[in-house]
Amino acid sequence: MPQETIDLRSDTVTVPSLGMRAAIAEAPLGDDVIDTDPTIAALEEFAANLLGKEASIFMPSGTMTNQIALRVHCLPGDEFLCEENCHIFNYEQGAFAQLSGLVGRTVRGEYGVLSLAQLEGRIRPENDHLTRTRLLCLENTHNRGGGRVLPYEGLTEMCGWAHENGLATHLDGARLMNAVVATEIPAAQWCQHFDTVSLCLSKGLGAPVGSILAGTQEKITLARRHRKLFGGGMRQAGVIAAGGLYALQHNIERLAEDHQNALVLANAVRAAEGLRLEPPRVDTNMVLFRVAQWLATAPDFAASLESHGVRCLAICPEQIRLVTHLDVSREQVERAGEIIVTLAEKISQGEVKAATGGELY
Ligand SMILES: *Cc1c(COP(=O)(O)O)cnc(C)c1O
């Protein structure tokens, strides 16, 4: 067995740093359901300022912030427009239908990137036969697009079009800060185009739990009511919000290191036999690649890597995802890269057999 595991499955696998644990230990607490918890209030104010919004609200997960955003903008029977591979449509159990009676209409983007021309004509006319198109949801960075940063100009155009046509706009900004660091476009500038924005604290930012939903005071007051309905009212949750506040204060700029580390992995994949970057460009902290059929299935190649100490996820039968984060160092990604190149070479030369029985994520 390898002496050490390098965990590249997701940027959610990080554990709180010592500094974050100290902040958690010292956080003043209260009952955030009866009235307020001072640490949650501090986090909500800090996040609202960062995102350039009037108000924000802390919730247990990104799924909840997204689903409550949909609920705040739509009524049962309403429809929202989104990219075909987005998280809201694919990875939240169709909660928009289960919990809010909504319909999603998907449009296929290129690595998650849509253009205005693709959206035009998708708003249904007012007619008793039809759903009502109410909302445009975008995702930045785009997870299934391989951490793709949405082009700012296109995003501006699409949101402008949405507002001109009476649609609200929501940003699934689970990894918005990766886009901020990659482009040097401030968070508030990205967010000004959206009525609501969700942001995960528990991904690359390194907090153990939690997400933020930001918007106007009116929308956030409504979101607070829905948060209770959805079971997300949490009492002395300043113990976790303290980690989120620490994350926003200390862990944004350092995302640049994760992006550089992802480039190191991408170069290893480019050099490896039977592997191909897909998408070919790495924008932020994710590296997706295809495994040639003659080499192994993606789940089996992932299982082989795991037995050599590199953990990753097979996200479809031919594709693997690597994600960098604050708990993997430059030295570790360099080693992971060497392991990937060596393993691909040994399997292709028949020196070792790929593992079998690997699992699809
Ligand atoms: C992780 C993620 C979410 C959901 O966050 P959870 O906290 O896991 O519920 C939403 N959108 C995107 C793009 C994500 O990557």
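Keep in mind that what you see is a predicted model, and the values were worked out from it rather than measured.

**Describing the site of the ligand**
Okay, so step 1: In the neighbourhood of the ligand, 13 residues make up the surrounding shell, with Gly62, Thr63, Asp172, Arg175 and Lys203 lying closest.
Okay, so step 2: When the ligand is considered free in solution it has 380 Å² of accessible area, and contact with the protein chains removes 84% of it.
Okay, so step 3: It is helix α3 (residues 62-73) that contributes the most residues to the shell around the ligand, 3 residues altogether.
Okay, so step 4: Class assignment for the residues of the shell around the ligand results in 2 nonpolar, 6 polar and 5 charged.

**A closer look at the layout of surface pockets**
Okay, so step 1: The calculated volume of the largest pocket comes to roughly 360 Å³.
Okay, so step 2: Every residue lining the largest pocket is listed: Ser10, Thr12, His87, Tyr91, Asn143, Arg144, Arg175, Lys203, Ile315, Arg321 and Tyr361.
Okay, so step 3: In terms of residue class, the lining of the largest pocket is made up of 3 nonpolar, 4 polar and 4 charged.
Okay, so step 4: A domain-level breakdown of the lining of the largest pocket finds at least three residues from each of domain 1 (6-12 + 254-348) and domain 2 (31-250).
Okay, so step 5: Volume-wise, the second largest pocket comes out at about 260 Å³.
Okay, so step 6: Around the second largest pocket sit 16 residues that line it, and Asn85, Arg108, Tyr111, Arg144 and Glu278 are the ones nearest its centre.
Okay, so step 7: Counted by class, the lining of the second largest pocket contains 4 nonpolar, 6 polar and 6 charged residues.
Okay, so step 8: Residue assignment places the lining of the second largest pocket across two domains, with domain 1 (6-12 + 254-348) and domain 2 (31-250) each supplying three or more.

**As for the domain arrangement of the protein chain**
Okay, so step 1: Per the domain assignment, the segments making up the protein chain are domain 1 (6-12 + 254-348) and domain 2 (31-250).
Okay, so step 2: When each unit is reduced to the centre of its C-alpha atoms, the spacing between domain 1 and domain 2 is 29 Å.
Okay, so step 3: Note on domain 1 versus domain 2: buried area summed over both sides is about 1,700 Å², and carbon and sulfur give 53% of it.
Okay, so step 4: Of all residues in domain 1, the largest losses of buried area upon contact with domain 2 belong to Asp11, Leu255 and Met286, amounting jointly to 31% of the total for that side.
Okay, so step 5: On inspection of domain 1 and its partner domain 2, the count reaches 2 salt bridges.
Okay, so step 6: One can count 8 residue pairs in polar contact (both at pLDDT 80 or more) joining domain 1 with domain 2.

About the thresholds
- Residues numbered from 1 in each chain as written.
- Predicted model: local features only at pLDDT ≥ 70, side-chain atom pairs only at ≥ 80, totals over all residues.
- Heavy atoms only, no water.
- Near = heavy atom within 4 Å.
- Areas by Shrake-Rupley, 256 points an atom, 1.4 Å probe, with all protein chains shown as cover.
- Helix = DSSP H or I, 4+ residues; strand = E, 2+ residues; numbered from the N terminus.
- Nonpolar A, V, L, I, M, F, W, Y, C, P; charged D, E, K, R; others polar.
- 1 Å grid on protein atoms, 1.4 Å probe; cavity = no way out; pocket = protein on both sides within 12 Å on 5 of 7 lines; lining within 4 Å.
- Points joined across faces, edges and corners; volume = space filled by probe spheres on them.
- Domains from an automatic or database assignment.
- Buried area = accessible area lost by both parts, 1.4 Å probe.
- Salt bridge = Lys/Arg side-chain N within 4 Å of Asp/Glu carboxyl O.
- Polar contact = N/O pair within 3.5 Å; in protein donor to acceptor, adjacent residues only side chain to side chain.

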